[in-house]
Amino acid sequence: MLRLLSLFLPTVIPSWRFFKTVAPSPRIEYRLIEGESIGDWQEDRPRPAHLGLGQVLRRMLWNPDWNEQLYLVSCSERLIEAPSQHSVDEINLRVARILPEGAQMLQFRLVFMSREGARLVKLVEYESTPVALASLQAVAV
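## Topic: unusual backbone geometry
- The phi angle at Arg45 is positive, at roughly 50 degrees, despite the residue not being glycine.
- Relative to the assigned elements, Arg45 resides in the loop between strand 3 (42-43) and helix 2 (53-61).

Have a look at this one:
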C-alpha cells in the first residue's frame, strides 16, 4: 500500500526540481518595416496590467493564448541556446498571426530584462532578418 501511495503522490503534488536552472526568459519584441519607414520595437503579447477574479478563474481552466505564449518562450530559449530555422519560423509565424495586414516586412528580436540596482537593463540577444509579412500571414491562416 505504501508503495502505491509513493507512486501516486508525485502525480498529485508536483516537484519543482525538474528545472535545471532558474534564469530570465527572453521577451519577444517586433517591429514593422514599410519601405524606408522602420517602426518602433513593440513587445509581443504584453501581459495585462490587471485581471479580475473571474478572468483569473477562467484562465486557470482555459487559456490557449498563454499556452501559445509558453511555446514562444520555449522557441526563444532554444533559439538562444542552439539557433535553428524552425524556431525563427515559428516565432515569425505566430507574431505575424496577430498583426493587422498592411505592413511589408516584419522583424523580431529577443531581449532579456534584468535589474541593476534601481534601473532596468535591456540586453538584446538576437535580432532576426526582416521577412515579408504577406507571405507569413498567408501561411498563418
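## A short note on the packing of helix 3 (residues 64-81) against helix 4 (residues 85-97)
- Remark: helix 3 packs on helix 4, axes separated minimally by 9 Å, with the N-to-C direction vectors making an angle of 145 degrees. As for how helix 3 packs across helix 4, the hand of that crossing is left-handed. Packed against helix 3, whose contacting residues are Glu68, Tyr71, Leu72, Cys75, Ser76, Arg78 and Leu79, the element helix 4 presents His86, Ser87, Val88, Glu90, Ile91, Arg94 and Arg97 at the interface.

## Observations concerning the nonpolar core
- Residues Ile28, Ile91, Val95, Leu106 and Phe108 are the most contacted members of the largest nonpolar core, which totals 17 residues.
- For this core, the secondary structure elements donating two or more residues are strand 1 (27-34), helix 3, helix 4, strand 4 (105-116) and helix 5 (133-140).
- No other element matches helix 4, which puts five residues into this core.
- The contact partners of Phe108, leaving out residues within four places of it in the chain, are Ile28, Glu29, Tyr30, Trp41, Leu79, Val88, Ile91, Asn92, Tyr126, Glu127 and Ser128.

Analysis parameters
Residues numbered from 1 in each chain as written. Predicted model: local features only at pLDDT ≥ 70, side-chain atom pairs only at ≥ 80, totals over all residues. Heavy atoms only, no water. Helix = DSSP H or I, 4+ residues; strand = E, 2+ residues; numbered from the N terminus. Axes fitted to C-alpha atoms, helices over the stretch in contact; angles between N-to-C directions. Left-handed = near helix turned anticlockwise from the far one by under 90°. Contact = heavy atoms within 4.5 Å. Core = buried A, V, L, I, M, F, W, Y, C linked by side-chain atoms within 4.5 Å. Buried < 20%, exposed > 50% of the residue type's maximum accessible area, 1.4 Å probe, protein only.

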